Amino acid sequence: MKTRHFLQLVLLSALWGASFLFIRVASPVLGPNVMAALRIGLATLTLMFIMRVAGERWPWRHWRELLGLGALTVAIPFLLYSWAALYLPAGYSSLLNTMAVPFSVIAAAWLKEDTLSARKWLGCLCGFVGVALIVQLGPVTPTPALIIAALACMTASACYGVSTPWMKRATTRMPPLAIAAGIHGTALVMLLPGAAWSLPEARFTPTALAAVAVMGIVTSGLAYWLNLRVLSQVSPVAAMSSAFMIPLFGVAWGHLFLGEALGPGMLWGGLLVLVATGLVTGFNPLRWLGASVSRS
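Just so it is clear, the model here is predicted, and its values are computed rather than measured.

1. Description of the packing of aromatic side chains
Point 1. Within the structure shown, the criterion is met by five aromatic pairs.
Point 2. Where W58 meets W60, the ring centres are 5.1 Å apart and the plane angle is 5 degrees; that geometry is what we call stacked.
Point 3. Relative accessible area serves as the criterion here: at 28%, W58 is assigned to the partly exposed category.
Point 4. Residues W83 and Y87 carry aromatic rings whose centres are separated by 5.1 Å and whose planes lie at 55 degrees to one another, so their mutual orientation is tilted.
Point 5. For W83, a relative accessible area of 29% corresponds to the partly exposed category.
Point 6. Each member of the aromatic cluster is reached from another via a ring pair, and the members are F20, Y81 and Y160.
Point 7. Its guanidinium or amino end placed over the ring of F78, R39 lies 3.9 Å from that ring's centre, counting from NZ or CZ.

2. Points about the environment of Y87
Point 1. Within the secondary structure layout, Y87 lies in the loop between α3 (63–84) and α4 (90–97).
Point 2. In this structure the C-alpha to C-alpha distance between Y87 and T143, which are 56 residues apart in sequence, comes to 9.5 Å.
Point 3. With residues up to four places along the chain from it excluded, the contact list for Y87 reads R24, A145, L146 and A149.

3. Concerning the nonpolar core
As a rule of thumb, nonpolar side chains are buried together in soluble globular proteins.
Point 1. Membership of the largest hydrophobic core comes to 61 residues, with the highest contact counts inside it found for A26, L88 and I183.
Point 2. The set of elements that each furnish at least two residues to this core consists of α1 (3–30), α2 (32–54), α3, α4, α7 (144–170), α8 (176–198) and α9 (206–231).
Point 3. Contacts of I183, omitting those with residues within four sequence positions, involve L66, L69, G70, T73, V74, M167 and Y224.

4. Side note on a nonpolar patch on the surface
Point 1. A cluster of nonpolar side chains, contributed by L38, L199, F204 and L209, occupies part of the molecular surface with about 320 Å² of accessible area.
Point 2. Mapped onto the secondary structure, L38 falls in helix α2.

5. Quick notes on the packing of α2 against α8
Point 1. One can describe the packing of α2 onto α8 by two numbers: an axis separation of 8 Å at closest approach and a directional angle of 150 degrees. The orientation of α2 relative to α8 falls into the category roughly antiparallel. Crossing angle aside, the handedness with which α2 passes α8 is left-handed.
Point 2. Of the residues belonging to the contact of α2 with α8, the class tally is 18 nonpolar, seven polar and no charged.

6. Points about the environment of A208
Point 1. Along the chain, A208 falls in helix α9.
Point 2. Measuring from C-alpha to C-alpha, the distance between A208 and M35 comes to 8.7 Å, with 173 residues separating the pair along the chain.
Point 3. Excluding its chain neighbours within four sequence positions, the residues that come into contact with A208 are A26, V29 and L30.

What counts and how
- Residues numbered from 1 in each chain as written.
- Predicted model: local features only at pLDDT ≥ 70, side-chain atom pairs only at ≥ 80, totals over all residues.
- Heavy atoms only, no water.
- Phe/Tyr/Trp six-rings, centres within 6.5 Å; stacked < 30°, edge-to-face > 60°.
- Buried < 20%, exposed > 50% of the residue type's maximum accessible area, 1.4 Å probe, protein only.
- Lys NZ or Arg CZ within 6 Å of the ring centre and 35° of its normal.
- Helix = DSSP H or I, 4+ residues; strand = E, 2+ residues; numbered from the N terminus.
- Contact = heavy atoms within 4.5 Å.
- Core = buried A, V, L, I, M, F, W, Y, C linked by side-chain atoms within 4.5 Å.
- Patch = residues over 30% accessible without salt bridge, like charges linked within 9 Å, V, L, I, M, F, W, Y side chains within 5 Å.
- Areas by Shrake-Rupley, 256 points an atom, 1.4 Å probe, with all protein chains shown as cover.
- Salt bridge = Lys/Arg side-chain N within 4 Å of Asp/Glu carboxyl O.
- Axes fitted to C-alpha atoms, helices over the stretch in contact; angles between N-to-C directions.
- Parallel < 35°, antiparallel > 145°, perpendicular 65-115°, else oblique.
- Left-handed = near helix turned anticlockwise from the far one by under 90°.
- Nonpolar A, V, L, I, M, F, W, Y, C, P; charged D, E, K, R; others polar.

See below:
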């Protein structure tokens, strides 16, 4: 991986780490259905504008693939994280998001693009133990609602993980910009009925709308486009390695701007999750950074 790809992944981690903060701000006010639909709608408009400027055409002949990818990478995860934000601090969600990496490697092995070794199985075990520590020993009391919210986050992470090899294959058939616009457009169609049903309960405050605007335009529209550009040039596992850094930003933003507490479960559970992703991917951030700098 080249240095510029590494720096782009760091930028993506910072943006996506911040998105958990914005979700935590907007979801209780707008409601999960409305917030997710507004976010996806703004992302779709942003990408449509860029496509028009770039003169790219919509890849509608791949609509079935875009529909599946839109469900797995946008509609389901966005809705689940929006709902989980009603019960979970932003730091929790960002740490649980890291479980996308083990799911990605398992999916890659199932698609014959990778193999599952003892090290990787150990990594998966460490990841699930880490998640248990985060939920049971974190600064928030482990109520049934919190546990269900944590499971929702893990389901969203699984969607991200299992769809990454599929998304990598899609970049060989469609341009990254067209994929980003297509998956957001199809996801918007899926979430509009739920958003319309929940609309009377939404409260459109300036703070919530500003948070959604940043998520829709920046952390969804532009960030997904950038992520697909990187994914088209590196392996799926390497692209997923940005999940290592998302918790660092997610926990930091939540603590700094929302005053979220940091408990021992967050520390040790988060460390185990990071170790898990390292074992599963064989990724050593220090060695990778050193090698990237030496090549640049």
